[in-house]
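Residues per chain, in single letters:
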Amino acid sequence: MSETQEKIFERDDKNYLPVFKRYKIVLERGEGPYVYDIDGKKYVDFLAGIAVNVLGHNYAPLVEAITNQAKKLIHVSNLYYTEPQANAAAKLVELSGLDRAFFANSGAEANEGAIKIARKFAKKISEDKTQIITAWDSFHGRTLATLTATGQPKYHKGFEPLPAAFDYVKYNDIADLESKISDKTCAVMLETIQGEGGVYTPTENYFKKVRELCDKHGALLILDEIQCGMGRTGKFFAYENYGIKPDIVTLAKGLAGGVPIGAFVVTEKVAQAFHAGDHGTTFGGNPLACAAANVVLDTIPNEKFLSHVVEVGKYFKEKLFDLQKKYSEQISEVRGEGLILGLQLSNPKISGVEIVNECMKRGAIINCTVGTVLRFVPPLIITTAQVDEVVKILDEVFGN
Ligand SMILES: *Cc1c(COP(=O)(O)O)cnc(C)c1O
């Protein structure tokens, strides 16, 4: 580690709010699925800014679109029309099969808007139709409403009083949902695939039954695809894998390939709940962010791109199953779909965080969530050769 890195750690540790436990590297630049620290050390990046850099780093068409847009307009008020925003909204509407899109700056903000519009919609039906049901082990963001929606008590602690009328059910447990949903339910909000909670995928018919229960009780179905959307499962929206459509879908992370953005997309019926002045944003959907989103929206939803995700994902998952066979006393399960994959650790020789650290020393950036799940959300452009690089490193770390 260079003296410069040490100086940066020191300055940052002294001045930045210490809410992240940081790994001791200073990243400087990237190229495709690789990032480099300021000493020039190369890492294959299978975290991708937590499912953000879907097209990899320094992707030329994205850099060019951002550069060209910055020379024209970075920002104007949402009181005016811009072409990048009109285009991005039209693309999201077409891809989702829903009717209207709104742009925010982050995932939490997208979910916050989704919760607001759901509440407003349900109020028109009945004053007490306010309950919002989410899942245990979910993750929906860090604002007060979205951290309340997040079904993990550790995120709630110390922030009470929390917004009212949130209830939790077991993800992928239709009986639990059936016992809690009623005509007072405003919305059911779920990640189509749980990311932060440990990479949990639904069983085949779960979402069909969730959809039926929502329809029966006039509750809106909000799907949070902030992590699992944008082509990560091999479909642009993960819900396309399950033969259903939500009333509201939220996106963020990879939507603009690394430029901050969030979005929620709704049916016309839901859209009618909002009138001028009911919601807004200064930055959300500005021309710079939307120019970036348009590159992602022109690149990912095509057959060749998505079948690449499916193929590499399948290859990667097989390699993870091989690791599980080889280290069965340390790895109890392989989960996930496409390029959102997880390895469940059971009594590993070293902790999940230490495994991440050991991988980093050997030149691979991976992630550990909930302490015991290694999570892989690489750029969608990775090749099987890059999968091999990471698997070789994991093999060394588990075998040590
Ligand atoms: C990351 C994430 C969020 C929050 O997004 P931010 O941009 O960090 O606010 C919400 N939901 C899911 C499923 C996420 O993965």
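Since we're looking at a predicted model, the values are computed, not measured. (Residues numbered from 1 in each chain as written. Predicted model: local features only at pLDDT ≥ 70, side-chain atom pairs only at ≥ 80, totals over all residues. Heavy atoms only, no water.)

### Quick notes on the overall build of the protein
Within the protein, the regular secondary structure consists of 14 helices and 15 strands. Computed over the C-alpha atoms, the radius of gyration of the protein is 21 Å, within 12% of the 21 Å expected from 2.2 N^0.38 for a compact globule of 400 residues. Along the first, second and third principal axes, the C-alpha set of the protein runs to 60 × 55 × 45 Å. For the protein, with 400 residues in total, the buried portion stands at 53%. In the protein, 70% of the contacts between residues at least 6 apart in sequence involve partners at least 24 apart. Accessible area for the protein stands at about 18100 Å²; split by element, carbon and sulfur atoms hold 53% of it. Charge-centre separation for the protein: the mean point of 46 positive side chains lies 1 Å from the mean point of 50 negative side chains. (Helix = DSSP H or I, 4+ residues; strand = E, 2+ residues; numbered from the N terminus. Rg over C-alpha atoms; globule rule 2.2 N^0.38 Å. Buried < 20%, exposed > 50% of the residue type's maximum accessible area, 1.4 Å probe, protein only. Contact = heavy atoms within 4.5 Å. Areas by Shrake-Rupley, 256 points an atom, 1.4 Å probe, with all protein chains shown as cover. Lys, Arg positive; Asp, Glu negative; His and termini not counted. Charge placed at Lys NZ, Arg CZ, Asp CG, Glu CD.)

### Structural notes on the environment of Val270
For Val270, the location among the structural elements is in helix α10 (residues 268–271). When its relative accessible area of 0% is taken as the criterion, Val270 is described as buried. With 244 residues separating them along the chain, Val270 and Val26 place their C-alpha atoms 45 Å apart. When near neighbours in sequence (up to four residues on either side) are disregarded, Val270 contacts Ile117, Phe121, Leu220, Asp247 and Ile248.

### Quick look at the domain arrangement of the protein
As far as domains go, the protein holds domain 1 (3–54 + 303–399) and domain 2 (61–299). Taken over C-alpha atoms, the centre of domain 1 sits 26 Å from the centre of domain 2. Counting residues at the interface gives 25 residues for domain 1 and 22 residues for domain 2. Taking both partners together, domain 1 and domain 2 bury about 2000 Å²; carbon and sulfur atoms supply 61% of that area. When the area that domain 1 buries against domain 2 is broken down by residue, the three leading residues are Arg335, Glu337 and Ile340, summing to 26%. Here domain 1 is connected to domain 2 by 1 salt bridge. A salt bridge links Arg375 to Glu196, with the shortest nitrogen-to-oxygen separation between them at 2.7 Å. Scanning the region where domain 1 abuts domain 2 turns up 8 residue pairs in polar contact (both at pLDDT 80 or more). Across the side of domain 1 that touches domain 2, the residue classes break down as 16 nonpolar, 6 polar and 3 charged. (Domains from an automatic or database assignment. Buried area = accessible area lost by both parts, 1.4 Å probe. Salt bridge = Lys/Arg side-chain N within 4 Å of Asp/Glu carboxyl O. Polar contact = N/O pair within 3.5 Å; in protein donor to acceptor, adjacent residues only side chain to side chain. Nonpolar A, V, L, I, M, F, W, Y, C, P; charged D, E, K, R; others polar.)

### Here's the deal with the pairing of strand β9 (residues 248–251)
Here β9 shows two buried faces, one formed by Ile248 and Thr250 and the other by Val249 and Leu251. Note: strand β8 (residues 220–224) against β9, 3 bridges, orientation parallel. Counted as the bridge partner of Asp224 is Thr250 from β9. Strand direction decides the pairing type here: β9 and strand β10 (residues 262–266), joined by 4 bridges, are antiparallel. Residue pairing in the sheet places Thr250 in a bridge with Phe264 of β10. (Pairing = 2+ DSSP bridges.)

### Digging into the nonpolar core
Core analysis: the biggest nonpolar cluster contains 95 residues, and Leu374, Phe376 and Leu394 have the highest contact counts within it. When residues of this core are sorted by domain, at least three fall in each of domain 1 (3–54 + 303–399) and domain 2 (61–299). Setting aside its immediate chain neighbours within four residues, Leu394 contacts Leu320, Leu323, Cys359, Ile366, Leu374 and Phe376. If you look at the next biggest cluster of nonpolar residues, it comprises 23 residues, including Ala118, Ala187, Val270 and Ala271. (Core = buried A, V, L, I, M, F, W, Y, C linked by side-chain atoms within 4.5 Å.)

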